[in-house]
Amino acid sequence: MSYLIYINGLGPNYRGENIYEFIFSDLLDDVWGENWEARPANGYPSPPDVEHAKKVGMLTNGEITLELVQNSDVFSVQDSIDGVIALGWEKEEEIDFSLVKRLVFKYGENEQDVKNKLYERDIVLQFEKKVVYEN
């Protein structure tokens, strides 16, 4: 089973669609990346070390904008690992939450739960067919 360990915001593409990498690992212990302890995160944290990434799902969507812990003015990625705050959550001003449930993605969520949340909004993560990461 794969678990969500990081959401990497890549910014908008040329069409203004937001691009996010959902990074999954088979393990949750000893997962770490550069500057994950930085408090506040302020954009300093990098994605996890390559050996931890087992699957990467790309989300490209012009309708959803996520707030990410990697850009927090208060919290660190370590706070997400500890369950204090989510890795990413849908911005409040983006959608009427009385009509749909707000998207929230937590550290350690299993891959299927992440896919199900997105599928409820007719969104599908695009995975690479074969992921090979070399050091």
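Anything mentioned here points back to the structure above.
A brief structural summary. Computed from a predicted model, the values in this text were never measured in an experiment.

### Brief notes about the nonpolar core
Okay, step 1: Ranked by internal contacts, the top residues of the largest apolar core, which has 29 residues, are L4, I7, F22, L66, F105, V114 and L118.
Okay, step 2: Broken down by secondary-structure element, the contributors of at least two residues to this core are strand 1 (3–12), strand 2 (18–25), strand 3 (55–61), strand 4 (66–68) and helix 2 (111–119).
Okay, step 3: Dropping the residues within four chain positions of it, F105 is found in contact with L4, I7, F22, L66, A86, L87, G88, V114, K117 and L118.

### What to know about the pattern of salt bridges
Okay, step 1: The full count for this structure, using the stated rule, is seven salt bridges.
Okay, step 2: Its salt-bridge partner being E90, residue R121 comes within 2.8 Å of it at the nearest N-O pair. With R121 in the loop between helix 2 and strand 7 (126–127) and E90 in strand 5 (residues 88–90), this residue pair connects regions lying 31 residues apart in the sequence. For the pair R121 and E90, one class covers both residues: buried.
Okay, step 3: What emerges from the salt-bridge pattern is a single network uniting K55, E111 and K115.

### A short note on helix 2
Residues lying three or four places apart along an α-helix face the same way, a consequence of the helix completing one turn every 3.6 residues.
Okay, step 1: Taken residue by residue, helix 2 has E111, V114 and L118 as its buried positions. Along the axis of helix 2, the buried positions cluster into a sector of 65°, meaning they face one direction only.
Okay, step 2: Its side-chain oxygen placed 3.0 Å from the backbone nitrogen of Q112, N110 serves as the N-cap of helix 2.

### Things to note about a negative patch on the surface
Okay, step 1: Residues E34, E37, D49 and E51 make up a contiguous surface patch of negative charge.
Okay, step 2: By secondary structure assignment, the location of E51 is in the loop between strand 2 and strand 3.
Okay, step 3: Exposure remark for E51: the relative accessible area of 44% places this residue in the partly exposed category.

### Remarks on the pairing of strand 2
Okay, step 1: In terms of burial, strand 2 is largely enclosed, as seven of its eight residues are buried.
Okay, step 2: Pairing analysis gives eight bridges linking strand 1 to strand 2, with the strands arranged antiparallel. When the bridges of strand 2 are listed, Y6 appears paired with I23.
Okay, step 3: Adjacent in sequence and paired antiparallel, strand 1 and strand 2 are bridged by five residues, among which G16 carries a positive phi angle near 85°.

### Considerations on unusual backbone geometry
Okay, step 1: Across the junction of R39 and P40, the peptide omega takes the value -5°, indicating a cis bond.
Okay, step 2: For P40, the location among the structural elements is in the loop between strand 2 and strand 3.
Okay, step 3: Of note, D30 is a non-glycine position whose phi angle comes to about 60°, a positive value.
Okay, step 4: Mapped onto the fold, D30 is located in the loop between strand 2 and strand 3.
Okay, step 5: Judged by its relative accessible area of 71%, D30 is exposed.
Okay, step 6: One non-glycine residue, D122, lies in the positive phi region at around 60°.
Okay, step 7: Among the secondary structure elements, D122 is positioned in the loop between helix 2 and strand 7.

Quick notes on the rules
- Residues numbered from 1 in each chain as written.
- Predicted model: local features only at pLDDT ≥ 70, side-chain atom pairs only at ≥ 80, totals over all residues.
- Heavy atoms only, no water.
- Core = buried A, V, L, I, M, F, W, Y, C linked by side-chain atoms within 4.5 Å.
- Buried < 20%, exposed > 50% of the residue type's maximum accessible area, 1.4 Å probe, protein only.
- Helix = DSSP H or I, 4+ residues; strand = E, 2+ residues; numbered from the N terminus.
- Contact = heavy atoms within 4.5 Å.
- Salt bridge = Lys/Arg side-chain N within 4 Å of Asp/Glu carboxyl O.
- Arc of directions from axis to C-beta.
- Polar contact = N/O pair within 3.5 Å; in protein donor to acceptor, adjacent residues only side chain to side chain.
- Patch = residues over 30% accessible without salt bridge, like charges linked within 9 Å, V, L, I, M, F, W, Y side chains within 5 Å.
- Areas by Shrake-Rupley, 256 points an atom, 1.4 Å probe, with all protein chains shown as cover.
- Lys, Arg positive; Asp, Glu negative; His and termini not counted.
- Charge placed at Lys NZ, Arg CZ, Asp CG, Glu CD.
- Pairing = 2+ DSSP bridges.

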